[in-house]
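These are the residues of each chain, in order.
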Amino acid sequence: MSEFQDVLKSRRTVHRFADRPIEEAIVNQALEAANQAPCHKHTHPWKFYLLGEKTRQTLVPTITHLAAAKSEQKKSPDPEHDSKRAIGKVMNPPLLVAVTNKQSPQDPFRQKEDYAASVCALHNMVLSLWGNGVSAKWSTGGLTRHPETYENLGIDPKKEEIIGFVKAGYADALPVVNKPTIEDTARHLP
Ligand SMILES: Cc1cc2nc3c(=O)[nH]c(=O)nc-3n(C[C@H](O)[C@H](O)[C@H](O)COP(=O)(O)O)c2cc1C
């Protein structure tokens, strides 16, 4: 159990990954861990789309447009550099997964609970990866919300919402992040 606590406490979001593939067994273990997430009404509203190179390539025009628009807002824009960097962020991670949650427009409370369950599933996946030494990052950048992304991944936005991309791989270094203390966040009520 203390090992599990170590995994929880040492996990960090990582932005750059080594050029080294993740073993298939580790990926499958993470997907299995995701499916163990708590889920009210057992709706299992999450789906994981593992994006191969061909699918990632279809996202490049959208990435380029988004990067150009962002670049324009800078004081000294360098659209070529920014676009190359943005493309690398999608093409380079050894694992890129789009995570979706089921849409339930007729029942907002169901959708809220389902979103919570899908977040648990996503984080189960991230923790399982980290337990096997693989770092990850949850991203909710503009690309994850763009209509062209839904089209390119074959995801019907009326049925599923992309709640983020998970990028994963081996990392050389982990960032240091300050976390709240128990005193900051816990209140013992009589
Ligand atoms: C819902 C959600 C969305 C996030 N989206 C992004 C993102 O788009 N880009 C990014 O660099 N990090 C993103 N992150 C990672 C956070 O920046 C990160 O969790 C935070 O800096 C704390 O670091 P830690 O994960 O190492 O504790 C996201 C995290 C969450 C929970």
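Keep in mind it's a predicted model, so treat the numbers as computed, not measured.

**Student:** I tried to follow the site of the ligand on my own but got confused; where do I start?
**Tutor:** In the vicinity of the ligand, the contacting residues are Arg12, Thr13, Lys137, Trp138, Ser139, Thr140, Gly141, Gly164 and Val177. For the shell around the ligand, the element with the highest residue contribution is strand β3 (residues 135-139), accounting for 3 residues. For the shell around the ligand, the per-class residue count stands at 2 nonpolar, 5 polar and 2 charged.

**Student:** Looking at this structure, I do not really get unusual backbone geometry. What am I missing?
**Tutor:** The general pattern is negative phi for most residues beyond glycine and trans for most peptide bonds. Even without glycine at this site, histidine 42 takes up a positive phi of about 50°. Position of histidine 42 among the secondary structure elements: in the loop between α2 (24-34) and β1 (46-50). Even without being a glycine, histidine 44 presents a positive backbone phi close to 40°. Within the secondary structure, histidine 44 is located in the loop between α2 and β1.

**Student:** Even after reading the chapter, I still don't get the sheet that holds strand β4 (residues 160-169), so can you show me in this structure?
**Tutor:** Sheets are built from strands paired through backbone hydrogen bonds, the pairs being either parallel or antiparallel. In spatial order, the strands read β1-β2-β4-β3; together these 4 strands make up an open sheet with antiparallel pairing. The sheet is open, and its two edges are formed by β1 and β3, each paired on a single side. Here the average twist between neighbouring strands, direction ignored, is 25°.

**Student:** Sorry if this is basic, but what is going on with the nonpolar core here?
**Tutor:** General note: in soluble globular proteins, nonpolar side chains tend to be found buried as a group. Leu122, Met125, Leu129, Ala136 and Val166 are the most contacted members of the largest nonpolar core, which has 32 residues in total. By residue number, the principal contributor to this core is helix α6 (residues 108-131), which donates 7 residues. Not counting residues up to four positions away in its chain, the partners in contact with alanine 136 are Val14, Val126, Leu129, Trp130, Val166, Lys167 and Ala168.

**Student:** Could you clarify how one ought to interpret the packing of helix α4 (residues 60-72) against helix α5 (residues 79-91) in this entry?
**Tutor:** For any two helices packed against each other, one specifies the inter-axial angle together with the distance between the axes. It is at 8 Å that the axes of α4 and α5 come closest, and there the two elements cross at 135°. The angle between α4 and α5 falls in the class oblique. Both α4 and α5 take part in a crossing whose hand is right-handed. Facing Val60, Ile63, Thr64, Leu66, Ala67, Ala68, Lys70 and Ser71 of α4, the residues of α5 in contact are Pro79, Asp82, Ser83, Ala86, Ile87 and Val90. Among the residues making up the contact of α4 with α5, the classes are represented as 9 nonpolar, 3 polar and 2 charged.

Parameters and conventions
- Residues numbered from 1 in each chain as written.
- Predicted model: local features only at pLDDT ≥ 70, side-chain atom pairs only at ≥ 80, totals over all residues.
- Near = placed C-beta within 6 Å.
- Helix = DSSP H or I, 4+ residues; strand = E, 2+ residues; numbered from the N terminus.
- Nonpolar A, V, L, I, M, F, W, Y, C, P; charged D, E, K, R; others polar.
- Pairing = 2+ DSSP bridges.
- Axes fitted to C-alpha atoms, helices over the stretch in contact; angles between N-to-C directions.
- Core = buried A, V, L, I, M, F, W, Y, C linked by C-beta atoms within 7 Å.
- Buried ≥ 20, exposed ≤ 12 C-beta atoms within 10 Å, placed from the backbone.
- Contact = placed C-beta atoms within 7 Å.
- Parallel < 35°, antiparallel > 145°, perpendicular 65-115°, else oblique.
- Left-handed = near helix turned anticlockwise from the far one by under 90°.

Taken by themselves, the reported measurements are silent on function.
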